Amino acid sequence: MILYRLACDCGHEFETWFQSGRAFDVLAAGGELTCPLCGASNVRKALMAPRIAKGGGTPKTPSGAEISRPDDTNIQIASGNPELVAAVRRLRQEVKEKADYVGPKFADEARKIDAGDAPDRGIYGEATASEARALLDDGIAILPLPRLPEENN
Ligand SMILES: [Zn+2]
């Protein structure tokens, strides 16, 4: 069993257990995953980003709010509120401009940076909820990147 943090069209985030990564792919491809909050069927893995430098150093990365536990990170965007959407859009824009996209290797890369085995920089990519939790448990600061309605594929 594998726990994924998922996000829907509206930016709702939630966690769901799957038998395997393959099972997630099959269900997602078949449009059989729905958001428990709004029923939207366009559901996919939530992005986790960016890593925030810790300790005394000056963070070189764009940063949002630091989080203590993944369970605290549910972010719902009111699409009718232009200010909120604009704020999220700015955050995402800044992350994409200043951080390196590392895709599903997010957790590995964050650990390498933390260990000094990779250049210190901001990164963003995909992580499962369990990977995110493990990173936080190890003191590696990350935060979820909220999705915007217009970013659906
Ligand atoms: Zn939803």
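Quick summary incoming for the structure in this document. Everything numeric in this text was worked out from a predicted model, so none of it was measured.

The rules behind the values
- Residues numbered from 1 in each chain as written.
- Predicted model: local features only at pLDDT ≥ 70, side-chain atom pairs only at ≥ 80, totals over all residues.
- Helix = DSSP H or I, 4+ residues; strand = E, 2+ residues; numbered from the N terminus.
- Contact = placed C-beta atoms within 7 Å.
- Pairing = 2+ DSSP bridges.
- Right-handed = clockwise from strand over helix to strand, strands pointing away.
- Core = buried A, V, L, I, M, F, W, Y, C linked by C-beta atoms within 7 Å.
- Buried ≥ 20, exposed ≤ 12 C-beta atoms within 10 Å, placed from the backbone.

**Let's talk about the overall build of the protein**
Per the secondary structure count, the protein includes four helices and seven strands. Along the protein, helices (α) and strands (β) appear in the sequence β-β-α-β-β-α-β-α-β-α-β when read from the amino end. A separation threshold of at least 6 residues defines the contact pool for the protein, and within that pool the share at least 24 residues apart is 64%.

**So, the pairing of strand E5 (residues 100-103)**
Where E5 meets strand E6 (residues 123-126), three bridges bridge the pair, whose relative direction is parallel. Each residue of the ladder has a partner; that of Tyr101, found in E6, is Tyr124. Between the parallel elements E5 and E6, the chain passes through helix H3 (residues 106-115) in a crossover that is right-handed.

**Remarks on the nonpolar core**
The biggest cluster of nonpolar side chains holds 22 residues, and the ones touching the most others in it are Phe106, Ala110 and Ile123. Of all elements in the fold, only strand E1 (2-7), H3, E6 and helix H4 (129-137) reach the threshold of two or more residues within this core.

**Some words on the sheet that holds strand E3 (residues 44-45)**
Across the sheet, three strands lie side by side as E2-E1-E3; this open sheet has antiparallel pairing. Each end of this open sheet is capped by a strand with a single partner; those strands are strand E2 (13-18) and E3. As defined by bridge partners, E1 adjoins E2 across six bridges and the pair is classed as antiparallel. Considered in E2, the bridge of Arg5 is made with Glu15.

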